[in-house]
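# Analysis of the macromolecular model
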Amino acid sequence: SLSTDLYESLEYKVKTAAALDMDVMILSDLPEDLDPDILELLQENHIFVIVVDGQPSSYENSAWIGTDNREMGVRAAQLGAERVAEYQAGVLATSFRGGTISASRKERQVGFEQEAARQEGMTVLPEQICTSNGLEAMQRVRDYMSENPDMNLIYCLDSASGITASRVLLEQGRTDDVYVI
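Description of the structure in this document. Nothing here was measured: the structure is a model prediction, and the numbers come from that model.

### Digging into the overall build of the protein chain
- Within the protein chain one finds seven helices and eight strands.
- Scored against the burial criterion, the 181 residues of the protein chain give a buried share of 48%.
- For the protein chain, contacts bridging at least 24 residues in sequence account for 67% of all contacts bridging at least 6.
- Taken as a whole, the protein chain presents about 9,100 Å² of accessible surface, with 45% of it coming from carbon and sulfur.

In structure tokens, the structure reads:
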């Protein structure tokens, strides 16, 4: 089983991103002074980090985005359009409040959906909200993917849902079929 502490730790997220050969991680916070082992892992794997609603970091391959969460969603949709010519995008979020998501996550979702509507060939599926329990979240993502077999892009509103989606894709051997933002 996946403990909550492990599931939410920066070290776990970075190790998973490195194992999945991710190019970009979007995090809600990044310590100003990173642990040297985490910093080395990010640098060795050339992982670009976008920090949303956090503080600027000493990690040189990162960008800080203050409170314009809607623009973050817009940029995610634009990135999706660059990477996948036509897509059916799922939207994932993790709820730490029993089924509701934070206002900042909702703003990212609105920005993504508005920009996707302007792009040709983009369809956004209804959102899936996962619990913070790792095993339950993985099952919800499995169900979401089986209900939407043509989904080829997953926009994750937070790092926890991104890790969950990536783990399910790895488990199913679909890391080349579905692009995760």
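### A word on unusual backbone geometry
- One non-glycine residue, Asp21, lies in positive phi territory at about 55 degrees.
- On the secondary structure map, Asp21 appears in the loop between α2 (10-19) and β1 (24-27).
- By relative accessible area, Asp21 is classed as exposed at 61%.

### Quick word on a negative patch on the surface
- Taken together, the side chains of Asp35, Asp37, Glu40 and Glu44 make up a negatively charged region of the molecular surface.
- On the secondary structure map, Glu40 appears in helix α3 (residues 36-44).
- In this structure Glu40 comes out as partly exposed when scored by relative accessible area, which is 42%.

### Some points on helix α5 (residues 103-118)
- Taking 1.5 Å as the rise per residue, α5 with 16 residues should run 22 Å; its terminal C-alpha atoms sit 23 Å apart, in good agreement.
- Residues of α5 that are buried include every one of Arg105, Arg108, Gln109, Gly111, Phe112, Glu115 and Ala116, and no others. On an axial view of α5, the arc spanned by its buried residues comes to 160 degrees, and they lie on one face. Turned more than 90 degrees away from the buried face of α5, the exposed residues are Ala103, Ala117 and Arg118.

### A short note on helix α4 (residues 69-83)
- Between its first and last C-alpha atoms α4 spans 21 Å; for 15 residues at 1.5 Å apiece the expected length is 21 Å, and the two agree.
- Turning to α4, its buried residues number three or more, namely Asn69, Met72, Gly73, Val74, Ala76, Ala77 and Gly80.

### Some thoughts on the pattern of salt bridges
- Across all of its chains, the model carries eight salt bridges by this definition.
- Between Asp158 and Arg105 there is a salt bridge whose closest N-O contact spans 3.2 Å. Residue Asp158 is found in the loop between β7 (153-156) and α7 (159-172), and its partner Arg105 is found in helix α5; the two are separated by 53 residues along the sequence. Across the pair, exposure class does not vary: Asp158 and Arg105 are buried alike.
- Lys106 is paired through a salt bridge with Glu127; the nearest N and O atoms lie 3.7 Å apart. Linking Lys106 in helix α5 with Glu127 in the loop between β5 (122-124) and β6 (128-131), this pair joins segments that are 21 residues apart in sequence.
- For Lys106, a relative accessible area of 37% puts it in the partly exposed group.

### Here's the deal with the environment of Met151
- Summarising the element assignment, Met151 is placed in the loop between α6 (134-147) and β7.
- Here Met151 falls in the buried class, since its relative accessible area comes to 3%.
- In this structure, the C-alpha to C-alpha distance between Met151 and Asp177, residues 26 residues apart in sequence, is 9.0 Å.
- Among all residues touching Met151, those that are not within four sequence positions of it are Gln88, Ala89, Gly90, Leu125, Tyr144, Met145, Arg174 and Val178.

Thresholds applied
- Residues numbered from 1 in each chain as written.
- Predicted model: local features only at pLDDT ≥ 70, side-chain atom pairs only at ≥ 80, totals over all residues.
- Heavy atoms only, no water.
- Helix = DSSP H or I, 4+ residues; strand = E, 2+ residues; numbered from the N terminus.
- Buried < 20%, exposed > 50% of the residue type's maximum accessible area, 1.4 Å probe, protein only.
- Contact = heavy atoms within 4.5 Å.
- Areas by Shrake-Rupley, 256 points an atom, 1.4 Å probe, with all protein chains shown as cover.
- Patch = residues over 30% accessible without salt bridge, like charges linked within 9 Å, V, L, I, M, F, W, Y side chains within 5 Å.
- Salt bridge = Lys/Arg side-chain N within 4 Å of Asp/Glu carboxyl O.
- Lys, Arg positive; Asp, Glu negative; His and termini not counted.
- Charge placed at Lys NZ, Arg CZ, Asp CG, Glu CD.
- Expected span 1.5 Å × (residues − 1).
- Arc of directions from axis to C-beta.

The analysis is restricted to geometry; functional conclusions fall outside its scope.
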